[in-house]
Amino acid sequence: DQQVKQNSPSLSVQEGRISILNCDYTNSMFDYFLWYKKYPAEGPTFLISISSIKDKNEDGRFTVFLNKSAKHLSLHIVPSQPGDSAVYFCAASAYQAGTALIFGKGTTLSVSS
Amino acid sequence: DTGVSQNPRHKITKRGQNVTFRCDPISEHNRLYWYRQTLGQGPEFLTYFQNEAQLEKSRLLSDRFSAERPKGSFSTLEIQRTEQGDSAMYLCASSLGRMMNTEAFFGQGTRLTVV
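Q: Kindly report on the interface of chain B and chain A, identifying the contributing residues and their values.
A: Contact with chain B, which involves 24 residues of that partner, is made by 22 residues of chain A. Summed over both partners, the interface of chain B with chain A buries about 1900 Å², with 59% contributed by carbon and sulfur atoms. Inspection of the chain B/chain A interface yields 0 salt bridges. Inspection of the region where chain B meets chain A yields 5 residue pairs in polar contact (both at pLDDT 80 or more). For the side of chain B that touches chain A, the elements supplying multiple residues, two or more each, are β4 (31-37) and β5 (44-50) of chain B. If one sorts the elements of the side of chain B that touches chain A by residue count, β4 of chain B sits on top with 4 residues. Each residue belonging to the side of chain B that touches chain A can be placed in one class, and the counts come to 10 nonpolar, 9 polar and 5 charged.

Q: Please set out the pattern of salt bridges residue by residue, giving values where relevant.
A: Residue and element names in this part refer to chain B. With the rule as written, the count across this model stands at 4 salt bridges over all chains. With its nearest N and O atoms 2.8 Å apart, the salt bridge here joins aspartate 86 to arginine 64. Of this pair, aspartate 86 sits in the loop between β8 (75-79) and β9 (88-95) while arginine 64 sits in the loop between β6 (53-57) and β7 (65-68), placing them 22 residues apart in sequence. Here the two residues aspartate 86 and arginine 64 agree in accessibility, since each one is buried. Counted as one network, the salt bridges with shared partners bring together Arg64, Glu83 and Asp86.

Thresholds applied
- Residues numbered from 1 in each chain as written.
- Chains lettered and ligands numbered in written order.
- Predicted model: local features only at pLDDT ≥ 70, side-chain atom pairs only at ≥ 80, totals over all residues.
- Heavy atoms only, no water.
- Contact = heavy atoms within 4.5 Å.
- Buried area = accessible area lost by both parts, 1.4 Å probe.
- Salt bridge = Lys/Arg side-chain N within 4 Å of Asp/Glu carboxyl O.
- Polar contact = N/O pair within 3.5 Å; in protein donor to acceptor, adjacent residues only side chain to side chain.
- Helix = DSSP H or I, 4+ residues; strand = E, 2+ residues; numbered from the N terminus.
- Nonpolar A, V, L, I, M, F, W, Y, C, P; charged D, E, K, R; others polar.
- Buried < 20%, exposed > 50% of the residue type's maximum accessible area, 1.4 Å probe, protein only.

As structure tokens, then:
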């Protein structure tokens, strides 16, 4: 039973345009959400996070939006750059309950120049 | 500090053999996690430690798997009597267990191939 779902295995975007990566979750206990980026042969790298008390968090070109009622979050990358091409993982935790991160299967983003 | 370090980077072993992996976390981090990743999947949680205490274990962690974190520093993950289904990337991560700051920093992983 997947608690964190990334339903789009891949996404292709042109350089300069917006990339929108989506993530849905089922566990209402989750209160902290993170996005990780992964290049081949490397471990995942933390990108941006959001707690359940917020609905938006922004860091440079990256913005994460959280819709708690829909149990949905999204990562926006504007403008997209070729170096953003990687696998993006959504992760969630029930921090107050002390659980570890649960990851989605990932979305492969390809940004073409 | 250069981040989370995992050794070895690659391990090929014959089915039935035992293997042990090591993880050195970021020095001030009190939480340490083990994950497993197979092709086309996201990292799957195996177990985690807060200091030297093992606080949570996944159902994925069969009794052939054991993890330790003596003295709350480095950790080892041992797999006994390896099976071909154990072939995967084993990832270690660490974090500071502060309120609303649970970003986990990952190592580069140990790729295990069981032949």
